[in-house]
Amino acid sequence: MISTLMADLPKNYDPKTVEPIWYQRWLDAGAFRADSNSAKPPFSIVIPPPNITGVLTLGHVLNNTIQDILARRARMLGHEVLWLPGMDHAGVGTQTAVEKHLRRTENKTRHDLGREEFLRRVLEWQEKHGGIIIEQLKRLGVSADWSRQRYTLDKEYVRAVLQVFVDLYEKGLIYRGRRMINWDPAALTALSDEEVIPTPQKSSLFYVRYEFVEQPGKFLELATTRPETIMADVAVAVHPSDSRYRDMIGKKVWRPLARAVLPIIADEAIDPEFGTGALKVTPAHDKLDFEIGQRHNLPVVDVLTDDARINFPAVPELHGLDRLEARERAAEILRERGLLSKTEPRESTIGFSERAGVPIEPRLSEQWFLRYPKTEEALRVVRQHLIRFFPAHWEKVYGQWLENIQDWCISRQIWWGHRIPAWYRGSELRVQIESPGEGWTQDPDTLDTWFSSWLWAYETMDVETRAKFYPTSVLVTAPDIIFFWVARMIIAGLELKPGKTERDEDNIPFRDVFFTGLIRDKQGRKMSKSLGNSPDPLDLIAKYGADGLRFGLMRISPSGQDIRFDEKQIEEGRNFATKLWNVARFRQMHGTSDPDPQLKPAELSIYAIEVLARLNETIDATEAGYRDYQFNTIAQRLYDFVWSDYCDWFVEAAKTDIFGDDQVRKNAALTTMDYISSAILRLLHPFMPHITEELWVLMGFAKDKNLFLDFAPLPAPIDLGDEERLKTAQSRVHSIYALVEAGRNLRAEAGVPSNRKARFMLRSEAAWIEDESLTIARLLSAESLEINPKTKPPMGSSLAAVTLGELSLVIDKGDRAAERERLEREIAKLETDLKSTEAKLANASFVERAPKSVVEEHQRRRDDFRTRLTQLRQARASLS
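Nothing here was measured: the structure is a model prediction, and the numbers come from that model. Every residue gets a number counted from 1 within its own chain, in the order that chain's sequence is written. It should be noted that, the model being predicted, local features are given only for residues of pLDDT at least 70 and side-chain atom pairs only at 80 or more, the latter also being counted only at that level, while totals for whole chains, interfaces and linings use all residues. Side-chain metrics in this entry use all non-hydrogen atoms of the structure; hydrogen atoms and water are not considered.

Here we take up the overall build of the chain. In terms of regular secondary structure, the chain is built from 28 helices and 29 strands. Taking 29 Å as the expected radius of gyration for a compact globule of 880 residues, we find that the chain reaches 36 Å, considerably beyond that expectation. In terms of principal-axis extent, the alpha carbons of the chain reach across some 110 × 70 × 55 Å. Looking at the chain as a whole, 53% of its 880 residues are labelled buried. All accessible-area figures derive from a Shrake-Rupley calculation using a 1.4 Å probe, and residue coverage is judged against the displayed protein chains alone. By element, 48% of the accessible surface of the chain is carried by carbon and sulfur atoms, the whole surface being about 39200 Å². Only four residue types enter the tally: Lys and Arg on the positive side, Asp and Glu on the negative side; His and the chain ends are excluded. Every charge is mapped to an atom, namely NZ of Lys, CZ of Arg, CG of Asp or CD of Glu. Between the averaged position of the 120 positive side-chain charges in the chain and that of its 130 negative side-chain charges there is a distance of 3 Å. In this description a helix means any DSSP run of H or I spanning at least four residues, a strand means any run of E spanning at least two, and both kinds are numbered starting from the N terminus. For the radius of gyration, the atom set is restricted to C-alpha positions; the globular benchmark scales as 2.2 Å times the number of residues to the power 0.38. Exposed residues in this analysis have more than 50% of their type's maximum accessible area, buried residues have under 20%, and partly exposed residues fall in between, with area computed by a 1.4 Å probe over protein chains only.

Rendered as structure tokens:
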């Protein structure tokens, strides 16, 4: 057990020393391990698995700090906590990183190596770069149960994923078909709709002339953004009710590139307002065109390679060119032939690959798809609040997606990941995990990474663990994966039923979902390495400590809103830790803390009663904040209480008793400090675990060396006894603190430095004020404080009207000119305020319509303004 002597609390707090030591102690003691056989009520979270080759970002810091706060608080509330960590294999991301490395270092592709050798290289890459983020999370203070760490390519997990594929196939929910999909020409794989990011882009609209076959020299003009695909045109379509083209339906035109005859057809999907109202139909390269082609039995002509180059030898000028380069060249050819009438700039929304960052290509392809099951049930469990979303507005976004859901393209043309358990022999197909035998070939594709992640909430648990901890308590995640992950996990739970019973409430993956905000820089821009505006969290930890980073970030993280990151806020987090340390050192200067402080209400000063009432309010406010996942509100409330209510006011006021001769009063003040210190450390522990654990021990509150602060009960509001005495104490203390603030303002306005003793006079009728004169003088940093209801301040004194009477700062003759200027400014402001208030009260309409309380408030303000003006005018006259 660490000693609680004063010598053990160094002058300065050093997080670089303290934080690693405590984290290792927690690990060594198994403090984060969950016990599936515990009788305690369960609380569980599964970590959103970071990519195995990823590194810590501020987004990870935000998300995992929130999870850690919830996990540590749950332990303090007496729950058995499972915070299950793990990593995702990140199929496309990891494979892309390895392929780039191969091209850069060996000038080879994965196809040069072959599948087996390439996968061996990926494993080497994983061994070298994988898992770094786990060690970084530990440096942040994450209290996950690392003994249960999972990976989406663990042997048991892989088998579970493949078994789900087989089961859903046998139910008819998974099928293979040729459909229009999103194709990533950089990663060379299909993507789901959710992996396509609509992105505003500046482009051009090309007006192309198609010559009528029956009327040479006459042209039909239509607009397109993609002249490079004209060779794939198989028809021209117009709306059947468009009077401009009604007589042309059934006629034919010449295709302007790779000359061929195209029919003019009518289809109600055409938008007459776009371009000229006539559309080139290219079924192989546009989803709408494909649907039109299906309705009219049109052929499909594909003119693009997998990597989006033109594949059409009949037009050698374009053959082999990249699609964007071919677009400009096609326009040049059309212009040279007199077939391009004009080009207009246009802003449009283009789908970009979420992973590769390039425009996707709509493409007809043979892929595996999932028909989403249980969509109505997935809507119901959220709308009926079996699952609650925080903030609640995400319910609407979730509902809109489910109501318009499309089948999920789950196959990917990559090698790293879960290989699809489908086997072929000639025209035969079997779906099973093991090979059917000789002569059968496995499907070369892998499953979408999210197809494994949607099982994460329960497949990471063994049967015993699931029985205790599933459904999980809460999921903390970013809203940008509400479709990728959150909705799909809900569907998986409802369909696959991993819970104790068949009931929905036992199979949903979580009870609550908290969506974090997106961290941006001070200018509101997304953080990125290219902009140089994304600080390394490890650098911030080295500079300010993990607790400083955690607390500083939580204070600026409004619930569900984007966060404007400012490093000064992290510095404030560090400064707050220093404040906490210094007030603990001050307490230890006056003897060892009481590990079980017992307050005696009759001996408490009015300042102690007031600050304990504030503590009660703070405890209630933090509980309310946790109920609504308002972490920034909790952090700010704790900051205000510790820094202002406790340190700046109570501790300063208590010094009168602490340094006084009355031992009873001194003991009462120190006991109050111990009681509040104990409560503060417990309230702050989920946010700042390292420094609070250190002080918990050094101040002597840790009665058992094996009982960490994670397992100490949270403080409850204290009964302060007689309500009348409480109200009296609060009223008096608030009046004193307001008087002190007024005195400090007088100092500032008169230019009297705060570290220079000053003379004050107080004219007050309050009989009790004399008993508090020593404390008031201390708070005012007064050389002397004269309290007398009759004595007028000397000529030239600076005066402030306060609840308790008139407070005067006695000013030397040399300071009187500055004081006169100050009084003139304050008098002018009060005269303006009084005039405005009197005008409102003179307005009959206002007095009649405004609530009675509002009118009374204006009347009170008018009277206050008049009283203060009288006082200030007298003060001004005294300067003459």
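More follows now that the structure is in view.
Another aspect to go through is the packing of aromatic side chains. Working definition: a ring pair exists when centres of Phe, Tyr or Trp rings (six-membered ring for Trp) sit within 6.5 Å. Plane angles under 30 degrees give stacked, over 60 give edge-to-face, the rest tilted. For the coordinates displayed, the defined rule picks out 37 aromatic pairs. An aromatic cluster is defined as three or more aromatic residues linked by ring pairs; in this entry it consists of Phe165, Tyr169, Trp368, Tyr372, Trp401, Trp408, Phe451, Trp454 and Phe483. A ring is scored as having a charge over it whenever the NZ atom of a lysine or the CZ atom of an arginine sits within 6 Å of its centre and within 35 degrees of its normal. Note that Arg488 overlies the ring of Trp408, its terminal NZ or CZ placed 3.7 Å from the centroid. Of note, Arg555 hangs over the ring of Tyr639, and the distance from its end group to the ring centre comes to 3.8 Å.

This part takes up the sheet that holds strand S19 (residues 428-431). Spatial strand order, S19-S18-S20: three strands in an open sheet with antiparallel pairing. Each having just a single partner strand, S19 and strand S20 (441-442) make up the two edges of the open sheet. Bridge count for strand S18 (residues 422-425) against S20 is two bridges, and the pairing is antiparallel. Paired with Trp423 across the two strands is Gln442, which belongs to S20. One requirement defines pairing of two strands: DSSP has to find at least two bridges between them.

This paragraph deals with the pairing of strand S23 (residues 510-515). For S23, a buried count of five out of six residues is recorded, marking the element as mostly surrounded by other parts of the structure. Where strand S15 (residues 388-390) and S23 come together, three bridges link them in parallel fashion. By the bridge assignment, Phe390 is partnered in S23 with Phe514. Bridge count between strand S22 (residues 472-477) and S23: five bridges; the pairing is parallel. Looking across to S23, one finds that Thr472 is bridged to Phe510.

On to helix H19 (residues 567-588). With 22 residues, H19 extends 32 Å between its outermost C-alpha atoms, agreeing within 8% with the 32 Å of an ideal straight helix rising 1.5 Å per residue. By the burial criterion, the buried members of H19 are Ile570, Gly573, Phe576, Ala577, Leu580, Trp581, Val583, Ala584, Arg585, Phe586, Arg587 and Gln588. Polar contacts, as used here, are pairs of N or O atoms within 3.5 Å; protein pairs need one atom able to donate a hydrogen and one able to accept it. Residues neighboring in sequence count only if both atoms are side-chain atoms. You can read the cap of H19 off the contacts: a side-chain oxygen lies 3.0 Å from the backbone nitrogen of Lys568, and it is on Asp566. Multiplying one less than the number of residues by 1.5 Å gives the expected span of a helix.

Note on placement: Pro373 falls in the loop between strand S14 (361-370) and helix H10 (375-383). Residue Pro373 is classed as buried on the basis of its relative accessible area, which comes to 8%. The spatial distance from the C-alpha of Pro373 to the C-alpha of Glu495 is 6.7 Å, given a sequence separation of 122 residues. Contacts were defined at the residue level, with two residues in contact if any of their heavy atoms lie within 4.5 Å. Those residues in contact with Pro373, other than ones at most four positions away along the chain, are Leu173, Ile491 and Glu495.

This next bit is on the packing of H19 against helix H23 (residues 689-698). Throughout, an axis means a line fitted to C-alpha atoms (over the contacting stretch in the case of helices), and angles, computed between N-to-C directions, take values from 0 to 180 degrees. Closest axis-to-axis distance for the H19/H23 pair is 11 Å, and the angle between their directions is 5°. Between H19 and H23, the angle falls in the class roughly parallel. Taking contact as the criterion, the partners of Ala577, Leu580, Trp581, Ala584 and Gln588 in H19 are, on H23, Ile691, Glu694, Leu695 and Leu698. Considering only residue class, the contact of H19 with H23 consists of seven nonpolar, one polar and one charged. Here roughly perpendicular refers to angles of 65 to 115 degrees, roughly parallel to angles under 35, roughly antiparallel to angles over 145, and oblique to all remaining angles. Residue polarity is assigned by list, with Asp, Glu, Lys and Arg as charged and Ala, Val, Leu, Ile, Met, Phe, Trp, Tyr, Cys and Pro as nonpolar; anything else, Gly included, falls into the polar class.

On to the pairing of strand S9 (residues 235-238). Going residue by residue along S9, you find Ala235 and Ala237 tucked away on one face and Val236 and Val238 tucked away on the opposite face as well. Two elements, S9 and strand S12 (residues 279-281), share three bridges in a ladder whose sense is antiparallel. Residue pairing in the sheet places Ala237 in a bridge with Leu279 of S12. Both S9 and strand S11 (residues 261-266) contribute to a ladder of three bridges, which runs parallel.

This part is about the sheet that holds strand S10 (residues 252-254). Spatial ordering of the open sheet is given by S10-S11-S9-S12, a layout of four strands whose pairing is mixed. Across the chains shown, the open sheet's two edge strands, defined by having one partner strand only, are S10 and S12. Across the sheet, the mean angle from the axis of one strand to that of its neighbour is 35°, orientation sign disregarded. Sheet topology places S10 next to S11; three bridges connect them, and they run antiparallel. By the bridge assignment for S11, Trp254 is matched with Val261. Its contacts with the sheet put helix H8 (residues 287-295) on S11 and S12, and the angle it makes with S12 is roughly 70°.

Moving on to the environment of His319. Relative to the helices and strands, His319 is located in the loop between H8 and helix H9 (323-336). Under the relative-accessibility criterion, His319 is labelled partly exposed at 37%. Between the C-alpha atom of His319 and that of Leu304, which follows or precedes it by 15 residues, the distance is 9.4 Å. Not counting residues up to four positions away in its chain, the partners in contact with His319 are Ile310, Asn311, Phe312 and Pro313. In this structure the side chain of His319 is engaged in a polar contact, spanning 3.0 Å, whose partner is the backbone nitrogen of Phe312.

With that out of the way, let us pick up the pattern of salt bridges. Should a side-chain nitrogen of Lys or Arg be within 4 Å of a carboxyl oxygen of Asp or Glu, the pair is scored as a salt bridge. Within this structure, the stated rule accounts for 63 salt bridges. For Arg329, the salt bridge goes to Glu336, with nearest N and O atoms at 4.0 Å. Overall, the relative accessible area of 26% leaves Arg329 in the partly exposed class. Residue classification places Glu336 among the exposed residues on the basis of a relative accessible area of 61%. Taking the shortest distance from any N to any O, the salt bridge between Arg425 and Glu428 comes out at 3.1 Å.

Our next topic: the side chain of Gln442. Turning to its location among the elements, Gln442 is positioned in strand S20. Gln442 gets classed as buried once you look at its relative accessible area, which sits at 18%. From its side chain, Gln442 meets the backbone oxygen of Ile420 in a polar contact 3.0 Å long. With residues up to four places along the chain from it excluded, the contact list for Gln442 reads Arg419, Ile420, Pro421, Ala422 and Trp423.

As a packed pair, helix H21 (residues 631-658) and helix H25 (residues 773-780) sit with axes 8 Å apart at the nearest point and diverge in direction by 125°. Relative to H25, the element H21 is oriented oblique. Classified by chirality, the crossing of H25 by H21 is right-handed. Residues Trp649, Glu652, Ala653, Lys655 and Thr656 of H21 touch H25, and the partners they reach there are Leu774, Thr775, Arg778 and Leu779. Tallied by class, the residues present in the contact of H21 with H25 amount to four nonpolar, two polar and three charged. Helix crossings get a hand from a simple test, with the near helix turned counterclockwise from the far one by less than a right angle marking a left-handed crossing and a clockwise turn marking a right-handed one.

Here the focus is the confidence of the model for the chain. Low pLDDT marks regions whose predicted coordinates should not be analysed in detail. Taken over all residues, the pLDDT of the chain has a mean of 92, while the share at 70 or more is 97%. In predicted models, pLDDT denotes the confidence assigned by the predictor to each residue on a 0 to 100 scale. The low-confidence segment residues 1-7 (pLDDT under 50) makes 18 contacts with residues lying over four places distant or belonging to another chain.

Within the secondary structure layout, Glu99 lies in helix H3 (residues 91-106). Not counting chain neighbours up to four residues away, the residues in contact with Glu99 comprise Arg110 and Phe118.

What follows covers the environment of Met489. Within the element layout of this structure, Met489 appears in helix H15 (residues 482-496). Along the backbone, Met489 and Tyr458 are 31 residues apart, and their C-alpha atoms lie at a distance of 9.5 Å.

For the rest of this paragraph, the subject is the nonpolar core. Counting residues in each nonpolar core, the largest one holds 146 residues, and the members touching the most others are Tyr646, Phe687 and Ile736. Ranked by residues supplied to this core, first place goes to H21 with 15 residues. Not counting residues up to four positions away in its chain, the partners in contact with Ile736 are Ile606, Tyr607, Trp768, Ile769, Glu772, Ile776, Leu779 and Leu804. Within the second largest apolar cluster, 59 residues are counted, among which are Ile410, Ala422, Leu447 and Tyr470. Here, nonpolar core refers to any group of buried Ala, Val, Leu, Ile, Met, Phe, Trp, Tyr and Cys residues whose side-chain atoms link them within 4.5 Å.

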